[in-house]
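Each chain, written out:
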Amino acid sequence: MTAAGVTIGRALRHRSFAIGAALTLLLVLVAALSLAWTPHSPYELDVPNRLRPPQAGNWLGTDSFGRDVLSLLMVGAQASIIVGVVAVGIGMAFGVALGALASARRGWAEELVMRLSDFAFAFPAILSAIMLTAILGPGMVNAIIAIGIFNIPVFARVTRASANAIWAREFVLAARASGKGALHITLEHVLPNITSVIVVQGTIQFATAILAEAALSYLGLGTQPPQPSWGRMLAEAQTMMFTRPELAIFPGIAIALAVLGLNLLGDGMRDLLDPRLRRSR
Amino acid sequence: MSVFLLKRFLTFVATLLGASIVVFLALEILPGDPAQVMSGTDAPPEVVENLRRKLGLDRPPLERYFAWVGGLLQGDLGISYAYSTPVGELIAERMKVTLPLALIAMALTTIAALALGLFAAQRHGRLGDVGIMGVSQLGIAIPNFWFGILLILLFAVKLQWVAAGGFPGWEEGVWPAIRALLLPAIALATVQAAILARITRSAVLEVLREDFVRTARAKGLSRRRALWTHVLRNALIPVITIMGLQFSNLLAGTIVVENVFYLPGLGRLIFQAISNRDLIVVKDAVLLLAAMVVAVNFVVDLLYAVIDPRLKAHDV
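I will try to describe carefully the structure that is included in this document.

The rules behind the values
- Residues numbered from 1 in each chain as written.
- Chains lettered and ligands numbered in written order.
- Predicted model: local features only at pLDDT ≥ 70, side-chain atom pairs only at ≥ 80, totals over all residues.
- Heavy atoms only, no water.
- Helix = DSSP H or I, 4+ residues; strand = E, 2+ residues; numbered from the N terminus.
- Buried < 20%, exposed > 50% of the residue type's maximum accessible area, 1.4 Å probe, protein only.
- Areas by Shrake-Rupley, 256 points an atom, 1.4 Å probe, with all protein chains shown as cover.
- Lys, Arg positive; Asp, Glu negative; His and termini not counted.
- Charge placed at Lys NZ, Arg CZ, Asp CG, Glu CD.
- 1 Å grid on protein atoms, 1.4 Å probe; cavity = no way out; pocket = protein on both sides within 12 Å on 5 of 7 lines; lining within 4 Å.
- Points joined across faces, edges and corners; volume = space filled by probe spheres on them.
- Phe/Tyr/Trp six-rings, centres within 6.5 Å; stacked < 30°, edge-to-face > 60°.
- Expected span 1.5 Å × (residues − 1).
- Axes fitted to C-alpha atoms, helices over the stretch in contact; angles between N-to-C directions.
- Left-handed = near helix turned anticlockwise from the far one by under 90°.
- Contact = heavy atoms within 4.5 Å.
- Nonpolar A, V, L, I, M, F, W, Y, C, P; charged D, E, K, R; others polar.
- Buried area = accessible area lost by both parts, 1.4 Å probe.
- Salt bridge = Lys/Arg side-chain N within 4 Å of Asp/Glu carboxyl O.
- Polar contact = N/O pair within 3.5 Å; in protein donor to acceptor, adjacent residues only side chain to side chain.
- Parallel < 35°, antiparallel > 145°, perpendicular 65-115°, else oblique.

### Points about the overall build of chain B
Part 1: Summing up its helical and strand segments, chain B has 13 helices and zero strands in all.
Part 2: When each of the 316 residues of chain B is scored for burial, the buried share is 48%.
Part 3: Counting every atom, chain B has about 15300 Å² of accessible surface; 66% of that belongs to carbon and sulfur.
Part 4: Chain B carries 28 positive and 22 negative side-chain charges, and their two centres are separated by 16 Å.

So, in structure tokens, the structure goes:
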């Protein structure tokens, strides 16, 4: 068997990784499929057929506007993925840069970056997000910015901690002795060696971002109508709780499965990429 | 006072000061003139101008910042634009819901997490351990507001044991009030308990492998006694760190969960004040929440020194 085959085999035998990868793949596939096809249009209101129970044609029933719940759920995956990818991207881009800078420069730069990230942690994420969306106005883009900003200190901390360990290694000393500058060493030696840590953190933050998007949309501050989102579906379902309780079940299951998948995938990758950590978990 | 504590105290004060600046600046750039919003869109300009002057909005920002912070230091939180009552009274009234809610949730979190975490660690690798870890993985993935809705579905809609939301007030007696807070507290606590149980389990497992535990067992201490006398105290440092963070998460989580259960707490106050452009309430309430978070972290630092005397001795 080839080396790649062995690695893939080992990964698939890892329970967390396999389940997590399968759920995450499902999330991505559903979102991709919904770009091309949904059973019904999620934007089409059909009031005479409102609040229908699950049946042929509407497998999960219809909501209070007569929209097909399955179609709404499928398209809702898009909002979660977009918010997750972009918010984590923002956090990663700025956070990794700041963390790498802190680690390369040490001294006051490190102190400043770390104190700023301590400070950012004093504001609970959801509170900052609510304040920011209140300032910038509700909407998906502003929710992304709010969630992304909170991700910056998370990545800054993780990057600095792992980069510091790399800077202490002998091959970095050798690179310095051969006259390479801090930027060169960071790009050539430090970042490639901490990629796995950052990818794992990115996966976990993706899950957190999906939860945050759902909460903001539930409060009416995130994704706006008519764009379907799981959080807002829950808010709408809550008003129908006494007539159609199951409407409040499906979007929650979708959120939980997406978050569970990403968390398991992150945990699994951490185990597979760094076997030393497996012992303590 | 040791250098460690003094340093932590200075950080505490600096963070609070920074928080007040951030909150003030953030709301400075908030679009929408509160005077305009309060007097209505079709109000004549002179009425809006009068109100603006009455609210002190015509003064320069720096002067308003110092007036605000100065007032806070003297216990004067200002007057709410929307409710026309002192903000201090408003917040105190809402804290009667939010604080007990967060405390009950924290108590539930701690009890559930320590029990489950210890149980799982003792049965490391066996069915109980695997089961608890699986369930906790699910618990982490569930959004607290959805879990709240599920609890309402089960206990209010199906079984009809409790009301679907609302708060009777403490005047109606302690039990009805606690009953109204119980479901929201469970909704808040579930996720945090799942996280804390995992942390407790791995911290205990880590300490169980230490040499001094083996020595204690070799001296004839039973497994249970070694666990209670040696392992737990050493495992508490990471657990308490996370608990401090979790109390902040619980306080912040109340904003969402109070909306699920229609509880008249601080979270709902902030939320309503933002939509009413009631800036003074937003500023005070957000700063109060941030201050509570920072204070909890400060207390956690103090607890470190109590639990682990090495920290104090080294004066790190």
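Don't stop here, the text continues.
### Notes on empty space enclosed by the protein
All names here are of chain A.
Part 1: In this structure the tally under the stated criterion is one cavity of 30 Å³ or more.
Part 2: Space inside the largest cavity adds up to approximately 120 Å³.
Part 3: Around the largest cavity sit 13 residues that line it, and Asp 63, Leu 72, Met 233, Glu 236 and Ala 237 are the ones nearest its centre.
Part 4: Every element with two or more residues in the lining of the largest cavity is listed here: helix 3 (69-105) and helix 9 (230-238).
Part 5: A total of four residues in the lining of the largest cavity trace back to one element, the largest contributor, which is helix 9.

### A closer look at the packing of aromatic side chains
Part 1: Throughout the structure, instances matching the rule amount to ten aromatic pairs over all chains.
Part 2: Note on Tyr 218 of chain A and Phe 145 of chain B: the rings are 4.7 Å apart at their centroids and 25° apart in plane angle, and the pair reads as stacked. Of this pair, Tyr 218 of chain A sits in helix 8 (residues 182-218) while Phe 145 of chain B sits in helix 7 (residues 144-158), on two different chains. In this pair, the class of Tyr 218 of chain A matches that of Phe 145 of chain B, namely buried.
Part 3: Taken together, Phe 24, Tyr 65, Phe 66 and Trp 68 of chain B form an aromatic cluster joined through their ring pairs.

### Notes on helix 3 of chain A
Part 1: Its 37 residues place the ends of helix 3 of chain A 53 Å apart at the C-alpha level, agreeing with the 54 Å of an ideal helix rising 1.5 Å per residue.
Part 2: Directly after helix 3 of chain A, the chain includes Arg 106 of chain A, whose backbone phi takes a positive value near 50°.

### Describing the packing of helix 3 of chain A against helix 4 (residues 107-121) of chain A
All names here are of chain A.
Part 1: Contact geometry of helix 3 with helix 4 gives a least axis separation of 7 Å together with a crossing angle of 145°. Crossing of helix 3 over helix 4 shows left-handed handedness. Contacts between helix 3 and helix 4 involve Leu 98, Ala 102 and Arg 105 from the former and Gly 107, Ala 109, Glu 110 and Val 113 from the latter.
Part 2: Considered class by class, the residues forming the contact of helix 3 with helix 4 number four nonpolar, one polar and two charged.

### Overview of the interface of chain A and chain B
Part 1: Each partner contributes to the interface: chain A provides 36 residues, whereas chain B provides 44 residues.
Part 2: Of all residues in chain A, Leu 127, Met 131 and Ile 135 of chain A give up the largest surface area on contact with chain B, accounting jointly for 16% of the area buried on that side.
Part 3: The tally of links between chain A and chain B comes to zero salt bridges.
Part 4: Between chain A and chain B we count three residue pairs in polar contact (both at pLDDT 80 or more) in total.
Part 5: Secondary structure elements with two or more residues in the side of chain A that touches chain B: helix 4, helix 5 (125-136), helix 8, helix 9 and helix 10 (250-273) of chain A.
Part 6: At nine residues, the largest contribution of residues to the side of chain A that touches chain B is made by helix 10 of chain A.
Part 7: Taken together, the residues of the side of chain A that touches chain B sort by class into 29 nonpolar, four polar and three charged.

### Structural notes on the environment of Glu 213 of chain A
All names here are of chain A.
Part 1: Within the secondary structure, Glu 213 sits in helix 8.
Part 2: Here Glu 213 is in contact with Ala 79, Ser 80, Val 83, Ile 147, Thr 223 and Ser 229, once residues within four sequence places are set aside.
Part 3: Only 2.8 Å separates the side chain of Glu 213 from the side chain of Ser 217, close enough to count as a polar contact.

### Some words on the packing of helix 5 (residues 87-122) of chain B against helix 12 (residues 279-307) of chain B
Residue and element names in this part refer to chain B.
Part 1: Following both chains from N to C, one finds helix 5 and helix 12 inclined at 45°, their axes separated by 11 Å at the closest point. One element, helix 5, and the other, helix 12, form an angle in the oblique class. The way helix 5 lies across helix 12 gives a crossing that is right-handed. For the pair helix 5 and helix 12, the contacting residues are Val 87, Leu 90, Ile 91, Met 95 and Leu 99 in the first and Ile 280, Val 281, Asp 284, Ala 285, Leu 288 and Met 292 in the second.
Part 2: For the contact of helix 5 with helix 12, a count of residues per class yields ten nonpolar, no polar and one charged.

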